[in-house]
Amino acid sequence: MKQLLTMLLLMLGVTALAQKKIAVEDFTEKGTFRQDYLSSLTWMNNGLYYSALEDNQILRYNVTTGASDSILVDGDALHIRISDYEFSNDETKILLLTEQEYIYRRSYTAEYYVYTFEGEQMSKLSDGGRQSYATFSPDNSMVAFVRENNLYYVKLVNMSEHAVTTDGEFGSIINGSTDWVYEEELYLTKAFNWSPDSKKISFFRFDESQVKEYNLQYWDNGAIYPRDYRYKYPKAGQDNAVVEVFIHNLPTNRNVKVKTGEETDVYYPKMQWTQDANTLSLMKLNRLQNRLDIYHVNAKTGGMVLILTDKSKTYLDVTYAHELIYLDNGTQFLYSTEREGYKHYHLHRIDGQLNNLVTKGNWEAEEFVGLDQSGRTPVLYYISTEGSSMERHFYKVDLKGKGKTKLSTKAGINSVDMSKDFKYYISFNHSANSPREISLMSTKKNELVKVLKDSKKLKETAEQYGLSQKVFFDIDGADSYQLNAYMLQPIDMDSTKQYPVLIYQYSGPGSQNVTNGWSGGHYYFHQMLVQKGYIVVCVDTRGTGGRGEKFKKMTYMNLGKMEVQDLVASAKFLGKMSFVDADRIGVWGWSYGGHMSSLSMMTGDGVFKAGIAVAPVTNWRFYDTIYTERYMRTPQENPEGYDSNSPNTYANQLKGNFLLIHGTGDDNVHFQNAVTLQESLIQANKQFDSFYYPDKAHSLYGGKTRTHLYTMMTNWIMDNL
């Protein structure tokens, strides 16, 4: 502790430089702290070029110069506003996505156009209504899409439209797309795939007729009567949609149903074609999410053969691990799993037998970047936590596990987008002290070609506003666990005074807030509080990511229990510091973080003077099946785990000042969570503050909403902490 205090106090006594004051509008409306970025980056077939969307133009860039050499498509000249685009495989055509309107977090409808470079011809994809997830066929001759829960394709030679399904109905049958819970928790919206020979389309069919509805009421900015919006939302322990898998044969116009078995209470987190146009790969996950089976499906008969099974005593994190890449040789596949305690890549024969581990060690091979199969032994490119769980670095290794090489050269968080021939890559790097820098690199000698974006303006702005630097340190959590944390301190701190502390956390399974990276989101809100004389501390509790399976999964069956213990221990740890006012420590969080700040205020025995919960889950019985049951099993199996970690259960123990915030139009964490907690607090005769945002979703965006939110929270903190 003494050594830690010395390190933290090094920040004290720094001469306060003149600094501009952060206003809420700077980070909610004005874009004062906006980082540089590349929009819709796409590598082209010729590895010497990539494209990007800038100012409604799709520009082509030459990698030898890093400069744009031509305008491929000019949206203004075509009188459209381009949101995104996709090339056909031969790059003779391009799909232009326009007029995008989101349904939920990831789902959307749009108007698509097909632009042909030869002759500069543009055609509307369909006049039958708005489309979703339009995708070229591999042979470049067709485009498939979803409209109003049905799957279609268009033959580009004559723009004729063909229906694959006709029984789609809102709230009942979904073809080619997914239901709410698959979208939110498995990150799937597009639920169809072209076969490699373009003669077949595999797709999911959801029957959600037995799933219970949730009703959102919208006030629509003063409408005479509120509008009801009902949609199917399976809550923990309730019925899910029944999913079937089909393969549509275009030449015969016939659908083959995949023989997935009699058990229907399962999930299908991934469907993809192998290199064989007659073999579909299908992942099947049991409802408890602790067994994953990979099948190969005969596209002609629908019959399945089990290839590989993965199991866990807790749960399988399918949105993190369990990537599946089929090699061009048709005889092998690459699969990622946490089976060894950390996420790593395994090479398997096509029949599922293990060849060898490609990566191994007490670190995470976190993200697949690419697989160069041009040589005798293919080379895997990946992002890893090797060296530090708080950083991400770029590595390569061959599929025999030999020749591992670190390619990233800068500290912090590195991500990569490689050219199709793997000769070049674009590096995105940022650290706690430097915002995003985007560089074009040559792979062979790992040399810099050109810095494309350097966030120079943001660096200057950060200096003008005197942003506080992150001071990283370890906190003694509960049960002798060391927790990663960082502190933001006022630059004019006086070592003879004591300061109030606000702890920010998310704490959800696999999440990570404490990294050597440039932060976004609430970061500038925290910087503004620091300017007002508060210390802000961010801490990652047990259950968070980057530190292996054991650390992440120890919260299984008891979401909230260990996390609260760690937050209380963190507050006590901070309270012993000479410059911290132990009587003025607060906690806040959003969503899962709101669940934790609520529970901390109820069960923290007064260690926190104030707490804010934004859009919190207050009872896991109210949340969806896939997320909740992954970590808690069902309420029927684990009632104690659900009830003993609900803030509602402990409303009568609230100590300190508490602010509860929620959007009434939240389709994710329903307003029901706030209402029930408020009622529990009222009946316990506990005084608290609350605020709701009419018709706003989980992110609380729209108009002046964010400006109002951060202004309100700032004023509340200054009055209550």
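Refer to the structure printed above.
All of these numbers come straight from a predicted model, not from anything done at the bench.

1. Thoughts on helix H10 (residues 625–632)
With eight of its eight residues buried, H10 lies for the most part within the structure. Restricting attention to buried positions, one finds in H10 the residues Thr-625, Ile-626, Tyr-627, Thr-628, Glu-629, Arg-630, Tyr-631 and Met-632. Residues of H10 that are buried in the fold lie against helix H4 (180–186), strand S20 (266–273), helix H9 (592–603) and helix H11 (639–643). Where H10 begins, the side chain of Asp-624 points an oxygen toward the backbone nitrogen of Ile-626, at a separation of 3.2 Å. Arg-633 lies just past H10 and shows a positive phi near 60°.

2. Digging into the pairing of strand S35 (residues 447–453)
The pairing of strand S34 (residues 434–442) with S35 spans five bridges and is antiparallel. Residue pairing across strands places Ile-438 opposite Lys-453, the latter belonging to S35. Turn length for the S34-S35 hairpin, with the two strands adjacent in sequence and antiparallel, is four residues, and the turn residue Asn-446 shows positive phi of about 50°.

3. Focus on the packing of helix H8 (residues 561–575) against H9
Where H8 contacts H9, the axes come no closer than 10 Å and their chain directions differ by 65°. The angle between the axes of H8 and H9 places the two elements in the roughly perpendicular class. By crossing handedness, the relation of H8 to H9 is classed as right-handed. Listed contacts from H9 to Glu-563, Val-564 and Leu-567 of H8 are Tyr-592, Met-596, Leu-599, Ser-600 and Thr-603. Partitioned by chemical class, the residues of the contact of H8 with H9 number five nonpolar, two polar and one charged.

4. Structural notes on the environment of Gly-75
Within the element layout of this structure, Gly-75 appears in helix H3 (residues 75–78). The buried category is assigned to Gly-75, whose relative accessible area is 0%. Measuring from C-alpha to C-alpha, the distance between Gly-75 and Gly-119 comes to 16 Å, with 44 residues separating the pair along the chain. Gly-75 has contacts with Asn-56, Ile-80 and Ile-82, leaving out every residue within four places of it along the chain.

5. Considering the packing of aromatic side chains
Within the structure shown, the criterion is met by 45 aromatic pairs. Between Tyr-104 and Tyr-231, the aromatic rings sit 5.7 Å apart at their centres with planes inclined by 35°, giving tilted as the arrangement. Pair noted here: Tyr-104 is in the loop between strand S6 (93–102) and strand S7 (108–116) and Tyr-231 is in strand S17 (residues 227–232), with a separation of 127 residues, a long-range link. With a centroid separation of 5.8 Å and 40° between ring planes, the pair formed by Tyr-506 and Tyr-592 is classed as tilted. Of the two residues, Tyr-506 is situated in the loop between strand S38 (499–504) and helix H6 (523–531) and Tyr-592 in helix H9; the sequence distance between them amounts to 86 residues.

6. Notes on the sheet that holds strand S27 (residues 354–357)
Taken in spatial order, the four strands make up an open sheet running S24-S25-S26-S27, and their pairing is antiparallel. Two strands close off the open sheet at either side, each with one partner strand: strand S24 (324–326) and S27. Within this sheet the neighbouring strands show an average axis-to-axis angle of 20°, counted without direction.

7. Brief notes about the pattern of salt bridges
One pass over the structure, following the stated rule, counts 30 salt bridges. Measuring nitrogen to oxygen at the nearest pair gives 2.6 Å for the salt bridge that ties Arg-147 to Glu-161. Taken together, the positions of Arg-147 in strand S10 (residues 142–147) and Glu-161 in strand S12 (residues 160–163) put the pair 14 residues apart, joining distant regions of the chain. The partly exposed category is assigned to Glu-161, whose relative accessible area is 34%.

8. A look at the environment of Gln-672
Mapped onto the secondary structure, Gln-672 falls in helix H12 (residues 672–683). Given a relative accessible area of 24%, Gln-672 falls into the partly exposed group. Residues Gln-672 and Leu-216 lie 456 residues apart in sequence; the distance between their C-alpha atoms is 10.0 Å. With sequence-adjacent residues up to four places away left out, Gln-672 is seen in contact with Tyr-214, Lys-235 and Phe-622.

9. Details of the side chain of Ser-408
Residue position: Ser-408 is located in the loop between strand S31 (405–406) and strand S32 (413–418). For Ser-408, a relative accessible area of 10% gives the class buried. A polar side-chain atom of Ser-408 sits 2.8 Å from a polar atom in the side chain of His-393. Of the polar contacts made by the side chain of Ser-408, one reaches the backbone nitrogen of Phe-394; its length is 3.0 Å. For Ser-408, the residues in contact, after removing those within four places along its chain, are His-393, Phe-394 and Asn-414.

Reading the values: the criteria
- Residues numbered from 1 in each chain as written.
- Predicted model: local features only at pLDDT ≥ 70, side-chain atom pairs only at ≥ 80, totals over all residues.
- Heavy atoms only, no water.
- Buried < 20%, exposed > 50% of the residue type's maximum accessible area, 1.4 Å probe, protein only.
- Helix = DSSP H or I, 4+ residues; strand = E, 2+ residues; numbered from the N terminus.
- Contact = heavy atoms within 4.5 Å.
- Polar contact = N/O pair within 3.5 Å; in protein donor to acceptor, adjacent residues only side chain to side chain.
- Pairing = 2+ DSSP bridges.
- Axes fitted to C-alpha atoms, helices over the stretch in contact; angles between N-to-C directions.
- Parallel < 35°, antiparallel > 145°, perpendicular 65-115°, else oblique.
- Left-handed = near helix turned anticlockwise from the far one by under 90°.
- Nonpolar A, V, L, I, M, F, W, Y, C, P; charged D, E, K, R; others polar.
- Phe/Tyr/Trp six-rings, centres within 6.5 Å; stacked < 30°, edge-to-face > 60°.
- Salt bridge = Lys/Arg side-chain N within 4 Å of Asp/Glu carboxyl O.

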